[in-house]
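# Commentary on secondary and tertiary structure
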Amino acid sequence: MNGRKKPLVVITRKLPDQVETRMRELFDARLNVDDRPMTQPELVAAIKEADVLVPTITDRIDAALIAQAGERLKMIANYGNGVDNIDVAAAGERNIVVTNTPNVLNEDTADMTMALMLAVPRRLTLGAQVLSGGGKWPGWSPTWMLGHRIWGKRLGIVGMGRIGTAVARRAKAFGLSIHYHNRHRAAPLIEDELEATYWDSLDQMLARMDIISVNCPSTPATFHLLSARRLALLQPTAYIVNTARGDIVDEDALIAMIEGGKLAGAGLDVFEHEPAVNPKLVKLADKGKVVILPHMGSATIEGRIDMGDKVIINIRTFFDGHRPPDRVLPRRA
């Protein structure tokens, strides 16, 4: 890009200082120093004048918004692993390149998944509330605050991609038996390493597992993949952990099953109507039936910086006249 006018890059949210500084060095970068989510009119104004828009997963870049893009907009460089917030097909029709930041959050998300997998059966947050909530701890007792061990239990992973595989490696070390359902069967080398059992029928797998970990992407095909019907297949002693996207699970049905004692509990880092959290889930959390976190799965300093580096590489590669390494193409019908 030497000797050429720097592209105008509009960034919708505050990013780590290290990333923003590098953006300013390389591009005509417009930062969001207040970290206030852009309103729809502000997003419209941004795409009308920017060469590159850098949104996050909380920005809805739909067809109606893309239709208002100015002639300068050549790229939407998403600061996020998924692109379910972007109408990739509509961008393609306008010859706008879409990129994302894959493969930098796998280990962080897998760590959080494993943490929730431990927290729910072992009642960790409920135990912590006893000490931090001002209550009096009566001292150790053989029958007080009993949970369930995870060693020797069966884990069913829904979505055996990079994150699902990272979860499986951790879970195997904790003594869980690994089972999985995926659109495509994993490579024999991976199955052998994890001693994993593949189920082509999601229904059959769900009915036999002690813990379900949701790790598939959010797409039209996975909306309410764990529907009320499928949730009803689970054993009443089973737990669900979701660190993927909230709309993959029918949240109302999940709540009803836990309230009715038809499911042991859940660990949720994502919600169907984020940032809104169903008050019924909060009540269940107060009772220790669920553990809820505010979408923290990928929230590490290292991960956020790596995401920023990916965005920068994609933008630089594109304006140097080459195909960005993380370009996302529209899904085929």
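What counts as what
- Residues numbered from 1 in each chain as written.
- Predicted model: local features only at pLDDT ≥ 70, side-chain atom pairs only at ≥ 80, totals over all residues.
- Heavy atoms only, no water.
- UniProt positions renumbered as here; feature names shortened; annotations may be inferred.
- Helix = DSSP H or I, 4+ residues; strand = E, 2+ residues; numbered from the N terminus.
- Pairing = 2+ DSSP bridges.
- Patch = residues over 30% accessible without salt bridge, like charges linked within 9 Å, V, L, I, M, F, W, Y side chains within 5 Å.
- Areas by Shrake-Rupley, 256 points an atom, 1.4 Å probe, with all protein chains shown as cover.
- Salt bridge = Lys/Arg side-chain N within 4 Å of Asp/Glu carboxyl O.
- Buried < 20%, exposed > 50% of the residue type's maximum accessible area, 1.4 Å probe, protein only.
- Axes fitted to C-alpha atoms, helices over the stretch in contact; angles between N-to-C directions.
- Core = buried A, V, L, I, M, F, W, Y, C linked by side-chain atoms within 4.5 Å.
- Contact = heavy atoms within 4.5 Å.
- Parallel < 35°, antiparallel > 145°, perpendicular 65-115°, else oblique.
- Left-handed = near helix turned anticlockwise from the far one by under 90°.
- Nonpolar A, V, L, I, M, F, W, Y, C, P; charged D, E, K, R; others polar.

With numbering matched to this structure, UniProt assigns "domain: D-isomer specific 2-hydroxyacid dehydrogenase NAD-binding" (unreviewed entry) to residues 114–297. The span residues 114–297 shows a helical share of 33% and a strand share of 15%, and its end C-alpha atoms are spaced 10 Å apart.

This next bit is on the sheet that holds strand 9 (residues 211–214). Pairing is parallel in the open sheet, where seven strands are placed in the order 8-7-6-9-10-11-12. This sheet does not close on itself; its edge strands, each paired only once, are strand 8 (197–198) and strand 12 (290–292).

It is worth spelling out a nonpolar patch on the surface at this point. Together, Leu131, Trp137, Trp140 and Trp144 give the surface a local cluster of nonpolar side chains, amounting to about 560 Å² of exposed area. The residue Trp144 is located in the loop between helix 6 (124–132) and strand 6 (154–158) in this model. Classification of Trp144 by relative accessible area gives partly exposed; the value is 35%.

Our next topic: the sheet that holds strand 5 (residues 97–99). Read across the open sheet, the five strands follow the order 2-1-3-4-5; overall the sheet is parallel. Taken across any chain shown, the strands that pair with only one partner, and hence form the sheet edges, are strand 2 (28–30) and strand 5. Neighbour-to-neighbour, the strand axes of this sheet turn through a mean angle of 15°, independent of strand direction. Across three bridges, the pairing between strand 1 (residues 8–11) and strand 3 (residues 52–54) is parallel.

One finds Ile212, Val214, Leu226, Leu231, Ile240 and Leu254 to be the most contacted residues of the largest nonpolar core, which totals 31 residues. The set of elements that each furnish at least two residues to this core consists of helix 9 (202–206), strand 9, helix 11 (251–259), strand 11 (265–268) and helix 12 (279–286). Here this core gets five residues from one element, more than from any other, and that element is helix 11. Every residue in contact with Leu254, bar those within four places of it in the chain, is listed here: Leu231, Ile240, Val249, Leu263, Ala266 and Leu268. Core analysis: the second largest hydrophobic core is formed by 27 residues, Ala166, Ala171, Leu176 and Val241 among them.

Relative orientation of the contacting elements helix 1 (residues 17–26) and helix 13 (residues 301–319) amounts to 15°, with a least axis distance of 9 Å. It follows that helix 1 is roughly parallel to helix 13 by the angle criterion. Classified by chirality, the crossing of helix 13 by helix 1 is right-handed. Counting all contacts with helix 1, which are made through Gln18, Val19, Arg22, Met23 and Leu26, the residues of helix 13 involved are Arg304, Ile305, Gly308, Val311, Ile312 and Arg316. Here the contact of helix 1 with helix 13 is built from residues that sort into six nonpolar, two polar and three charged.

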